[in-house]
Amino acid sequence: MNLQQLELYERIQAFSLDESDSQLTFSRRLAKENSWSLNYTQRVIEEYKKFTFLAVATGHPVRPSDSVDRVWHLHLNYTRSYWQEFCPNILKVPLHHEPSRGGSSERLKFDEWYNKTLESYQRFFGEVPPVDIWPQAKKKFGRNLHSLQVNEQDSIIPKPSFSYLPKVQLNQAVFSFLLVSLIVVVVCWQVIPFLLNSLNFRGPEFLKFYFLLSIVVVFIALVIRDFLRLPDGNPMEKTVQLDAYETAYLAKGKHHVVDTAIASLVQKQYAIVDTEKRMLALKESVEKLSNPLERAVADAIALNGHIDTIRSGATQVTEELRERLRQFGLLVNQKQSFNIKTYPTILIGGLLGLGIAKICVGISRHKPVTYLTIMCIFISIIALWLLLSSTHRSRYGDRIFQELHRQIQPLKAISNTDPKLIVAFALLGTTVLPNDMFAELKKILKPVSSSTGSSSSGCGGSTCGSSCGSSCGSSCGGGCGGCGGG
């Protein structure tokens, strides 16, 4: 670059597309409209800035990639920013967007422009443009948009195909309510007299009947539970792109997202590990970190580097990831989670009520009820499991998670610096981390065993004795009173 081009490039890089006084900023709107991760969105915006530089500096017509073109389209909608500030003050020339007129000659012309753009990109910036944003012309104009691939930064997931699922027009909660209501009506009009009469069955007859009825009712409850895990509302029709942290949330939830960010900071050598104290410390300044989640985790490390404190303090920034995954239909929402627990439990509760009624009848008649009591205990356990177990992913989320697993499993050995390592950790956990660089991190990511905690019961003094070790956690500040009693 000559001096004039360098000044142009610096002006473009200093220009911000986001408005400081807006809740829905340019980058967030762009991510939402295109179903992009925030990390991928920021990368595409940077490539858009490079494209506008090339449009002015190269001296030949240029053509953007599909992703860059989407940024350009949205920027054109911000007319004051684009025409009153960006073009006259930053580029200092008008930059018009001209659509194709159609036909084979136009396609060949634009193909040639795109190839020249890629060549100029390498010449000015001294590097090959990222292929997930700037694909080669052959792939750009002939790729299968539904293909599944994993690149260094994002897991590109095809739009959900629900051809294997029944076509349901009703809201899931309404449908399930109607289904349960129908079952109740049938029971009330047809089955209740039979069930009441079944209380007069002899012991062996009732046990057989109750055992078969239990199988049927539990099966129906599990079918309803599984049905309620379908993505609620209209499924996404756009391509879903998950970065490593969204993949981690899909895999194991918010705490695993924080662990993934910690692993990334260790890989980038921003953080170091102290296994004895279960602490992390920043090795160098984190000003260059662009990912907001990594910055939040780095701030948590700076405040208190204990692993448990970092996990609890940085999970708030994962809420946006959760909401985005819910919008994609990959996670169940709160209403779905409530329905998933409630409706199946109601059915199991009715079954349990019948068993308890028969136990009462048996006791009143001085009959043995041991086997029936054992069956009711097992049914109670099933009911408690349905009521208390949390449901994380939707059925579509499970399918995407399995596809991601199949993608990452063929990777045999991943080097310490390979960006795919963080995606692999997000999916598979600590087992994929190489011991040479991550041995200490793997130790502190493991939960402290309860036996270790109980063995420190003698540490209840005013200072931390040697037997407290890492089990004291962050409570070993000025004293070790929190370690006593196990």
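This text goes with the structure placed above it.
Residues numbered from 1 in each chain as written. Predicted model: local features only at pLDDT ≥ 70, side-chain atom pairs only at ≥ 80, totals over all residues. Heavy atoms only, no water.

S.K.: What am I meant to see in the overall build of the protein here?
M.R.: Summing up its helical and strand segments, the protein has 20 helices and 5 strands in all. Here the protein holds 486 residues, and the buried ones make up 44% of them. Surface summary for the protein: the accessible area is close to 26,100 Å², and the carbon and sulfur share equals 56%. (Helix = DSSP H or I, 4+ residues; strand = E, 2+ residues; numbered from the N terminus. Buried < 20%, exposed > 50% of the residue type's maximum accessible area, 1.4 Å probe, protein only. Areas by Shrake-Rupley, 256 points an atom, 1.4 Å probe, with all protein chains shown as cover.)

S.K.: Sorry if this is basic, but what is going on with the pairing of strand E5 (residues 279–282) here?
M.R.: Consecutive side chains along a regular strand alternate between the two faces of the sheet. Pairing geometry for strand E4 (residues 271–274) and E5, over 4 bridges, is antiparallel. Following the sheet pairing, Ile 272 is matched in E5 by Ala 281. Taking the residues between adjacent antiparallel strands as the criterion, E4 and E5 are bridged by 4 residues, where Arg 278 takes a positive phi near 50°. (Pairing = 2+ DSSP bridges.)

S.K.: What's the story with the nonpolar core in this structure? I'm lost.
M.R.: If you look at soluble globular proteins, the nonpolar side chains tend to sit buried side by side. Leu 250, Ile 262, Leu 280, Val 297 and Leu 441 are the most contacted members of the largest nonpolar core, which has 51 residues in total. Beyond its immediate sequence surroundings of up to four residues, Leu 441 is in contact with Ile 262, Ala 263, Val 266, Val 273 and Leu 433. Of all hydrophobic cores here, the second largest spans 36 residues; its members include Tyr 40, Tyr 48, Ala 57 and Tyr 114. (Core = buried A, V, L, I, M, F, W, Y, C linked by side-chain atoms within 4.5 Å. Contact = heavy atoms within 4.5 Å.)

S.K.: Would you mind showing me how to read the environment of Lys 32 here?
M.R.: On the secondary structure map, Lys 32 appears in helix H2 (residues 26–34). Distance in space between the C-alpha atoms of Lys 32 and Arg 324 is 8.6 Å, their sequence separation being 292 residues.

S.K.: Would you mind showing me how to read unusual backbone geometry here?
M.R.: With the exception of glycine, most residues fall at negative phi, and the peptide bonds are largely trans. The backbone of Arg 278 shows a phi angle near 50°, a positive value even though the residue is not glycine. Relative to the helices and strands, Arg 278 resides in the loop between E4 and E5. We classify Arg 278 as buried; its relative accessible area is 5%.

S.K.: How should I be thinking about the pattern of salt bridges in this particular structure?
M.R.: Pairing between side chains becomes possible if they bear opposite charge and their charged atoms approach one another. A complete count under the given rule lists 14 salt bridges for this structure. Of the charged contacts, one joins Glu 112 and Lys 116 as a salt bridge, the two residues approaching to 3.7 Å between their closest N and O atoms. Here Glu 112 pairs with Lys 116, and both are found in helix H6 (residues 104–125), just 4 residues apart, close to one helical turn. With relative accessibility at 34%, the residue Lys 116 sits in the partly exposed group. With its nearest N and O atoms 3.6 Å apart, the salt bridge here joins Arg 395 to Asp 226. In this pair, Arg 395 sits in helix H17 (residues 395–408) while Asp 226 sits in helix H9 (residues 203–227), placing the two residues 169 residues apart along the sequence. In this structure Arg 395 comes out as partly exposed when scored by relative accessible area, which is 21%. Classification of Asp 226 as partly exposed rests on a relative accessible area of 32%. (Salt bridge = Lys/Arg side-chain N within 4 Å of Asp/Glu carboxyl O.)

S.K.: Mind showing me how you'd approach the environment of Ala 248 here?
M.R.: Mapped onto the elements, Ala 248 comes out in helix H10 (residues 244–252). Note on Ala 248: relative accessible area 0%, which makes it buried. Through-space distance from the C-alpha of Ala 248 to that of Phe 425 is 8.0 Å; in sequence the pair is 177 residues apart. Filtering out sequence-adjacent residues up to four positions away, Ala 248 remains in contact with Gly 253, His 256, Val 257, Thr 260 and Ala 426.

S.K.: Please explain the packing of aromatic side chains as it appears in this structure.
M.R.: Here the distance between the centres and the angle between the planes together describe a pair of aromatic rings. According to the stated counting rule, one finds 17 aromatic pairs in the structure shown. Ring centres 5.3 Å apart and planes at 75° place the aromatic pair Trp 36 and Tyr 40 in the edge-to-face group. For the pair shown, Trp 36 and Tyr 40 are each scored as buried. Aromatic side chains Phe 51 and Trp 134 sit 6.5 Å apart centroid to centroid with 40° between the ring planes, which places their arrangement in the tilted category. A residue pair is termed long-range when its members are at least 10 positions apart, and Phe 51 in helix H3 (residues 38–57) and Trp 134 in the loop between H6 and helix H7 (137–142) qualify at 83 residues. What makes Trp 134 buried here is its relative accessible area of 0%. An aromatic cluster of three or more residues is present, and its members are Tyr 9, Phe 51, Phe 53, Trp 72, Tyr 114, Tyr 121, Phe 124, Phe 125 and Trp 134. Cation over ring: Arg 225 sits above Trp 385, and NZ or CZ is 4.8 Å from the ring centre. A cation over a ring is seen here: Lys 358 above Phe 206, with NZ or CZ 5.3 Å from the ring centre. (Phe/Tyr/Trp six-rings, centres within 6.5 Å; stacked < 30°, edge-to-face > 60°. Lys NZ or Arg CZ within 6 Å of the ring centre and 35° of its normal.)

S.K.: Looking at this model, I keep getting lost on H17. Mind explaining?
M.R.: Along an α-helix, residues three or four apart share an orientation, since each turn contains 3.6 residues. Given a rise of 1.5 Å per residue, 14 residues ought to cover 20 Å, and the 20 Å separating the end C-alpha atoms of H17 matches this to within 8%. When we look at burial in H17, the residues that qualify are Tyr 396, Gly 397, Ile 400, Phe 401, Glu 403, Leu 404 and Ile 408. One face of H17 carries all of its buried residues, which in axial projection span an arc of 160°. (Expected span 1.5 Å × (residues − 1). Arc of directions from axis to C-beta.)

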